Amino acid sequence: MRAVPTRRTFLTACTAALAGCSVLPEESDPIEASASVPAVLSESSGYSVVTSAEPTVETTVTVDFSGDVELTARRDVIATLFQRVYEAPDSRRFGLLTAPAVRVVEEPEVVRDPVAALEDARVAELATDRSVTDVGEFEEAGSATMLGTESVRRRATATVDGGDHRLARVRAGDDSVTAIATDPEDSTPPFGDVTRDA
């Protein structure tokens, strides 16, 4: 994935003299980045694609540093994602969001997934292409393998298009790919059928 951020040297010297928690000077220009290759669901999964888009999201990514002095760095990010939403014959949905990994801080190098900084309801809306409200707290619920990586699986209850639905969410580490499935209790979401060509 490519990222085209505006960068400035990490200013630890300016903040090391301050006690307690300090906020690093914010950059005036946001980081602008686009995902390069989308994650997709294989045709053998039995799902059909219902949405294929490249939405742009704006968010603020925060990074906390611990040490002799606690520091916080914040960067505004404008990220263009790959959005792929699939639907099974019984109306269950499975969505994939592929985000660019953005370099928030140059030295030390800190890279973050901007989707992780979005509110849960916004992420679920993008992944299901439906109206989502009242998302409960995502809790760990075992693991799932996606893109060859065993990742933590999280689940929550949300209101989707006015009805209660269970959501299952998996994120594939450094790939910055987030997958969300609706109503996973009655089926096995196809996390293992996700592919991505480099």
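Residues numbered from 1 in each chain as written. Predicted model: local features only at pLDDT ≥ 70, side-chain atom pairs only at ≥ 80, totals over all residues. Heavy atoms only, no water.

A few points about the confidence of the model for the chain
The pLDDT averaged across the chain works out to 85; a share of 84% of its residues lies at or above 70. Across the chain, element-level confidence peaks in strand β8 (residues 82-87) with a mean pLDDT of 98 and bottoms out in helix α1 (residues 12-15) with 34. Confidence drops under pLDDT 50 across residues 1-24; counting only partners more than four residues distant or on other chains, this segment forms 56 contacts. (pLDDT = per-residue confidence, 0-100. Helix = DSSP H or I, 4+ residues; strand = E, 2+ residues; numbered from the N terminus. Contact = heavy atoms within 4.5 Å.)

Re the packing of aromatic side chains
Applying the stated criterion across every chain yields a total of two aromatic pairs. Consider the rings of Tyr47 and Phe94, whose centres lie 6.2 Å apart with planes at 65°: the pair is edge-to-face. A residue pair is termed long-range when its members are at least 10 positions apart, and Tyr47 in the loop between β4 (40-41) and β5 (48-53) and Phe94 in strand β9 (residues 93-98) qualify at 47 residues. Neither residue differs from the other here; Tyr47 and Phe94 are each classed as buried. Members of the aromatic cluster, each reached through a chain of ring pairs, are Tyr47, Phe94 and Phe191. A cation over an aromatic ring shows up here: Arg169 above the ring of Phe138, its NZ or CZ 5.5 Å from the ring centre. (Phe/Tyr/Trp six-rings, centres within 6.5 Å; stacked < 30°, edge-to-face > 60°. Buried < 20%, exposed > 50% of the residue type's maximum accessible area, 1.4 Å probe, protein only. Lys NZ or Arg CZ within 6 Å of the ring centre and 35° of its normal.)

Digging into the layout of surface pockets
Of the pockets and cavities examined, the largest pocket occupies roughly 190 Å³. In terms of lining, the largest pocket is formed by Ala116, Asp120, Phe138, Ser151, Val152, Arg154, Arg169, Val170 and Arg171. Put simply, the parts of the chain that give the lining of the largest pocket at least two residues each are β14 (149-160) and β15 (163-172). (1 Å grid on protein atoms, 1.4 Å probe; cavity = no way out; pocket = protein on both sides within 12 Å on 5 of 7 lines; lining within 4 Å. Points joined across faces, edges and corners; volume = space filled by probe spheres on them.)

Focus: the pairing of β15
Consecutive side chains along a regular strand alternate between the two faces of the sheet. Relative to β15, β14 runs antiparallel, the two sharing eight bridges. When the bridges of β15 are listed, Thr157 appears paired with Arg166. Counting the residues that bridge the hairpin from β14 to β15 gives two residues, and of these Asp161 lies at a positive phi of roughly 50°. Of the strand pairs in this sheet, β15 and strand β16 (residues 177-182) are connected by six bridges, and their pairing is antiparallel. Each bridged residue has a counterpart across the sheet, and for Arg169 the counterpart in β16 is Ile180. Hairpin connection between β15 and β16: a loop of four residues separates the two successive antiparallel strands, and Gly173 in this loop has a positive phi of roughly 25°. (Pairing = 2+ DSSP bridges.)

Some thoughts on the pattern of salt bridges
As enumerated under the stated definition, the model contains ten salt bridges in all. Ionic pairing is found between Arg130 and Glu87, a salt bridge with its closest N-O pair at 3.3 Å. With Arg130 in the loop between α2 (120-128) and β12 (132-133) and Glu87 in strand β8, this residue pair connects regions lying 43 residues apart in the sequence. Its salt-bridge partner being Arg155, residue Glu185 comes within 3.9 Å of it at the nearest N-O pair. Taken together, the residues Glu185 in the loop between β16 and β17 (194-195) and Arg155 in strand β14 connect sequence positions 30 residues apart. A single salt-bridge network, built from bridges that share partners, covers Glu87, Arg93, Arg130 and Asp161. (Salt bridge = Lys/Arg side-chain N within 4 Å of Asp/Glu carboxyl O.)

Concerning the environment of Arg169
Relative to the helices and strands, Arg169 resides in strand β15. Residues contacting Arg169, with those up to four places away along its chain left out, are Val115, Asp120, Val123, Phe138, Val152, Arg153, Arg154, Thr178, Ala179 and Ile180. Looking at Arg169, its side chain comes within polar contact range of the side chain of Asp120, at 3.2 Å. (Polar contact = N/O pair within 3.5 Å; in protein donor to acceptor, adjacent residues only side chain to side chain.)

Comments concerning the nonpolar core
Phe65, Leu81 and Leu167 are the most contacted members of the largest nonpolar core, which has 30 residues in total. Of all the secondary structure elements, the ones that give two or more residues to this core are β3 (31-34), β6 (56-65), β7 (70-80), β10 (102-105), α2 and β14. Val170, Ala172, Val177 and Ala179 belong to the second largest nonpolar core, which has 17 residues in total. (Core = buried A, V, L, I, M, F, W, Y, C linked by side-chain atoms within 4.5 Å.)

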